[in-house]
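Coordinates in review
Given next are the chains, with one letter for each unit.
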Amino acid sequence: AGIRIGDNPATGLRNFSGLIDEVRVYSSALSSNQIQQLTGGANSPTEPAPPSECCRATNPAVPAVPAVPAVPAVPSPPTPAPNNSALFLDDGFENGISANWRAVPANYVMSNQSREGNQSIQFLPDANGGKRSELVLQNGKGTFDWGKEYWLGFSINVQTPPTGYQIISQHHSTPSAGSDGEANWNIGAGPNSFVLKTINGKFYFYTATDPNAVNIVPERGAATRRLVPTTRPYSLNQWHDIVMHFRYAYDNTGIMEIWMDAEKVVDVHGPSIYRYDMSGRQKSPRQYQKIGIYHGTENPGGKILYDAFRIGGANASYQDVAPR
C-alpha cells in the first residue's frame, strides 16, 4: 500500500506546512516502553529493543535532533539524625522514676511493654479512690516560660479505657503570686494551656487558642473551660506518638503545633495562653508539665503506659524529640 506523508488524499486543500524528519515504519506495533526508548526515555529491562525498520526517510537538509537524555531521579534528602544535645530532658523510664519527677500522688508500676528500650511506666487509678495518679516534672525540666519556644515528644498506650474521661497530660497554669512572691494556690489558676483527655475511644487535644478568651477572667470550673478541642481516635494496646511545638503567648507570637503519629492535628500561630487567673490578676508567666491519670468519675478504671518523654528548647526539632 502507498504511504502519503504531509497531505490528505481526500482533498488537495489540506497540505501540511512545515518540516518532517525521522520518518520510520515498523513491521509490528510498538509497546509504550519501546516508544519511550525511541523518544529518549529510559530503556525497560523487560522489553526487547524495537523491531528493525523496514524503511526510513530522512530530509538531508534538516539535521536530526538528538534524543534528550533522561533526567536522573533526585534522591530524597536523608532524615537528619536526632540531636540529643538539643534536649534538656530525655527520659525513657529505663531506671524507674528519676528525681526529675514528683508524685502528687501517683499509683504506677514499671512495665516491660515499651515504645523504646526495655520498659515504660504504667499509670493506674489512685489506690485510695482519689482523683489523681500523676507525676509533676520538676527541677525546671518541665517549666515552660511564656514567650519561649519548646519542643516536646512522648508516646502513650491506652491499655484499658476509663469510665468517663481521664486527663492524661497537661500543661498546668500557675496563679499569680501572693505577698510572699510565691504562687497563690488559694485562688484558682484558671484554664490550662494544654490538656490531653481520653473520652470514648478518642484523644481530645485541648488548647488555649481561642483569641476571644485570652482576656476573660475565668469563673470557677474545669481546667478545660473555653479551651479549643481537637479529636482523633486511638487504638487500644497500641503506641501513639505525640510531638508538640509551642510558644505560650497571649498575642500573635504564640505557637501551638501538635502531631499524632506523624499527622499534624493542631496548627495555630497566634494566642496560645489565656491571660488571667480567677482573681482577675495575670497568671504567673509559666506552665508546668503533669502526666498520669486525673479522672472525673468514681472507680474509673483505666490503665495507660508512657514512654520516650523528651523536651528541647528553640534549637531542638521534630526529629530530636519524636519517639524513635
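For the structure, check the block above.
Procedures and definitions
- Residues numbered from 1 in each chain as written.
- Predicted model: local features only at pLDDT ≥ 70, side-chain atom pairs only at ≥ 80, totals over all residues.
- Heavy atoms only, no water.
- Helix = DSSP H or I, 4+ residues; strand = E, 2+ residues; numbered from the N terminus.
- Buried < 20%, exposed > 50% of the residue type's maximum accessible area, 1.4 Å probe, protein only.
- Contact = heavy atoms within 4.5 Å.
- Areas by Shrake-Rupley, 256 points an atom, 1.4 Å probe, with all protein chains shown as cover.
- 1 Å grid on protein atoms, 1.4 Å probe; cavity = no way out; pocket = protein on both sides within 12 Å on 5 of 7 lines; lining within 4 Å.
- Points joined across faces, edges and corners; volume = space filled by probe spheres on them.
- Nonpolar A, V, L, I, M, F, W, Y, C, P; charged D, E, K, R; others polar.
- Salt bridge = Lys/Arg side-chain N within 4 Å of Asp/Glu carboxyl O.
- Pairing = 2+ DSSP bridges.
- Core = buried A, V, L, I, M, F, W, Y, C linked by side-chain atoms within 4.5 Å.

Here's the deal with the overall build of the protein chain
- What the protein chain contains, in helices and strands, is 2 helices and 18 strands.
- Residues classed as buried in the protein chain amount to 40% of the 324 residues present.
- Nonlocal contacts in the protein chain, meaning residues at least 24 apart in sequence, comprise 70% of its contacts between residues at least 6 apart.
- Within the structure as shown, the protein chain displays about 16800 Å² of accessible surface, and the carbon and sulfur contribution to it stands at 50%.

Some details on empty space enclosed by the protein
- As enumerated under the stated definition, the model contains 1 cavity of 30 Å³ or more in all.
- Here the largest cavity defines a volume of roughly 60 Å³.
- What lines the largest cavity is simply P191, A213, I216, P218, E219, R225, R226 and Y274.
- In terms of residue class, the lining of the largest cavity is made up of 5 nonpolar, no polar and 3 charged.

A word on the pattern of salt bridges
- Tallying each qualifying case throughout the model produces 12 salt bridges.
- Measuring nitrogen to oxygen at the nearest pair gives 3.0 Å for the salt bridge that ties R310 to D90. With a gap of 220 residues between them, R310 in strand β18 (residues 303-312) and D90 in strand β3 (residues 87-91) connect regions that are remote in the sequence.
- The class of R310 is buried, set by a relative accessible area of 4%.
- Judged by its relative accessible area of 43%, D90 falls in the partly exposed class.
- In this structure, the salt-bridge partner of K264 is E257, at a minimum N-O distance of 2.9 Å.

Considerations on the pairing of strand β11 (residues 194-199)
- The buried fraction of β11 is high, at 6 of 6 residues.
- A two-sided burial pattern is seen for β11, the buried positions comprising F194, L196 and T198 on one face and V195, K197 and I199 on the other.
- Two strands pair when backbone bridges link them, and strand β10 (residues 165-174) and β11 are joined in this way by 6 bridges, in the antiparallel orientation. From the neighbouring strand, H171 faces β11, where its bridge partner is F194.
- Between the antiparallel neighbours β11 and strand β12 (residues 202-207) lie 2 residues, among them N200 with a positive phi of about 50°.

Digging into the nonpolar core
- Of all hydrophobic cores here, the largest spans 36 residues; its most connected members are I156, F203, F205, I258, Y306 and F309.
- Considering each element in turn, this core owes the most residues, 5 residues, to strand β9 (residues 149-160).
- Look past the residues within four positions of F203 in its chain and what remains in contact with it is I156, V158, I168, L196, K197, T198, T230, T231, R232, Y234, H240 and M260.
- One finds I167, I199, A208 and L227 within the second-largest nonpolar core, a separate group that totals 9 residues.

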